[in-house]
Amino acid sequence: MAGASAGLGAIVVLRNLSIEDLDGPAFAFYESGILWHSGQSLSIEGVSFKNLDSAIYADAAGPAQLLVKDVTIRYCLFAGVWIASPGTEAVVDHTTIEYVYYGFRFDSGGKATITNSVISYATAAAIQAGNTSSEIGPEINLEDSSILYSAVGLNIIRGTTRIAGNNIHDNTVGMQTLNIGQIVSFGDNRIMGNASGESPSFTTVLK
């Protein structure tokens, strides 16, 4: 496990690592693969995670930038990527997350873009935006990705999630919104084979 608690203006880059807990995960956020508590930006590139509580736990006070690219995350007891503090701008690209409780969880206000990624076999939700105690949910853009084989594909409690060019299939619930969450589709997604939850909040024209 690694911790990143650099100064407020620090820029941290982690590349080409393999992070695994050989004793298996325990339900405690401090047993995450990477804990990010402070700094201007953190880039995680070409890293693999396995058998952890959460692979990446970020609670750096915003404004903060998180980049996750070419990353593989497997067998996490809680989350693949968990952003617990508001004000973060996150980019997740070409990343695979599987066999987790949450794939990508963003608790409060901030922005995230997820592209060209696969999130599967999440026993709670592949993507969760907001929670019942947060006042402002995040803004998430999900593009050209696959969300599959999970209890819930998109669980949007608060904030707005926009979806374009995705495959959302074979989940127990494809998409659901709670409280003041909404899912906006651009009409070019392939949403099929889910037991329920195949309708977004509304569909808009792709510009």
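Look above for the structure.
The structure displayed is predicted, hence computed values, not measured ones. (Residues numbered from 1 in each chain as written. Predicted model: local features only at pLDDT ≥ 70, side-chain atom pairs only at ≥ 80, totals over all residues. Heavy atoms only, no water.)

Engineer: Looking at this structure, I do not really get the nonpolar core. What am I missing?
Structural biologist: As a rule of thumb, soluble globular proteins bury nonpolar side chains together. Judged by nonpolar contacts, the single largest core of 42 residues is most densely connected at Ile44, Phe49, Leu66, Phe104, Ile127 and Leu154. Sort the elements by how many residues they give to this core and strand 14 (residues 118-129) lands first, with five residues. Excluding residues within four positions of it along the chain, Phe49 makes contact with Ile19, Gly33, Ile34, Ile44, Ala55, Ile56, Val71, Thr72, Ile73 and Arg74. (Core = buried A, V, L, I, M, F, W, Y, C linked by side-chain atoms within 4.5 Å. Buried < 20%, exposed > 50% of the residue type's maximum accessible area, 1.4 Å probe, protein only. Helix = DSSP H or I, 4+ residues; strand = E, 2+ residues; numbered from the N terminus. Contact = heavy atoms within 4.5 Å.)

Engineer: Teacher, can you tell me more about the sheet that holds strand 15 (residues 139-143) here?
Structural biologist: Whenever strands of a sheet pair, they do so through backbone hydrogen bonds, lying parallel or antiparallel. A sheet is described by the order of its strands in space; here nine strands give the open sequence 2-5-8-11-13-15-18-21-23, paired in parallel fashion. Sheet topology places strand 2 (11-15) and strand 23 (202-203) at the edges, where each strand pairs with a single neighbour. Direction of pairing for strand 13 (residues 110-115) relative to strand 15: parallel, over a ladder of five bridges. Bridge pairing links Thr113 to Asn141 in strand 15. (Pairing = 2+ DSSP bridges.)

Engineer: Is there a simple way to think about a nonpolar patch on the surface in this case?
Structural biologist: A cluster of nonpolar side chains, namely Tyr75, Tyr99, Tyr121 and Tyr149, defines an oily patch on the protein surface of about 380 Å² accessible area. In this fold, Tyr99 is placed in strand 12 (residues 96-106). For Tyr99, a relative accessible area of 35% corresponds to the partly exposed category. (Patch = residues over 30% accessible without salt bridge, like charges linked within 9 Å, V, L, I, M, F, W, Y side chains within 5 Å. Areas by Shrake-Rupley, 256 points an atom, 1.4 Å probe, with all protein chains shown as cover. Salt bridge = Lys/Arg side-chain N within 4 Å of Asp/Glu carboxyl O.)

Engineer: Explain the pattern of salt bridges here, please?
Structural biologist: Side-chain pairs of opposite charge can arise where the charged atoms are in close proximity. Summed over all chains, the structure comprises four salt bridges. For Arg15, the salt bridge goes to Glu45, with nearest N and O atoms at 3.1 Å. Of this pair, Arg15 sits in strand 2 while Glu45 sits in strand 5 (residues 41-45); the two residues are 30 residues apart in sequence, bridging distant segments of the chain. With its nearest N and O atoms 2.6 Å apart, the salt bridge here joins Arg105 to Asp107. Judged by relative accessible area, which is 12%, Arg105 ranks as buried. Exposure remark for Asp107: the relative accessible area of 7% places this residue in the buried category.

Engineer: What exactly am I supposed to notice about the side chain of Ser185 here?
Structural biologist: Mapped onto the elements, Ser185 comes out in strand 21 (residues 182-185). Given the relative accessible area of 4%, Ser185 is considered buried. A polar atom in the side chain of Ser185 sits 3.0 Å from the side chain of Asn189. Not counting residues within four places of it along the chain, the set of residues in contact with Ser185 comprises Ile163, Pro200, Phe202, Thr203 and Thr204. (Polar contact = N/O pair within 3.5 Å; in protein donor to acceptor, adjacent residues only side chain to side chain.)

Engineer: Honestly, the pairing of strand 10 (residues 79-83) in this entry has me stumped. Any pointers?
Structural biologist: Along a regular strand, successive side chains alternate from one face of the sheet to the other. Across the five residues that make up strand 10, a large majority, five, are buried. Alignment of strand 7 (residues 56-58) against strand 10, held across three bridges, turns out to be parallel. By the bridge assignment for strand 10, Tyr57 is matched with Trp82. Both strand 10 and strand 12 contribute to a ladder of four bridges, which runs parallel. Each bridged residue has a counterpart across the sheet, and for Ala79 the counterpart in strand 12 is Tyr102.

Engineer: Can you help me understand unusual backbone geometry in this one?
Structural biologist: In most cases, non-glycine residues show a negative phi, while peptide bonds are predominantly trans. Phi at His94 takes a positive value of approximately 50°, unusual for a residue other than glycine. Here His94 shows up in the loop between strand 11 (88-93) and strand 12. Phi is positive for Asn116, which is not a glycine, with a value near 50°. Tracing the backbone through its elements, the reader meets Asn116 in the loop between strand 13 and strand 14. Residue Asn116 is classed as partly exposed on the basis of its relative accessible area of 36%.

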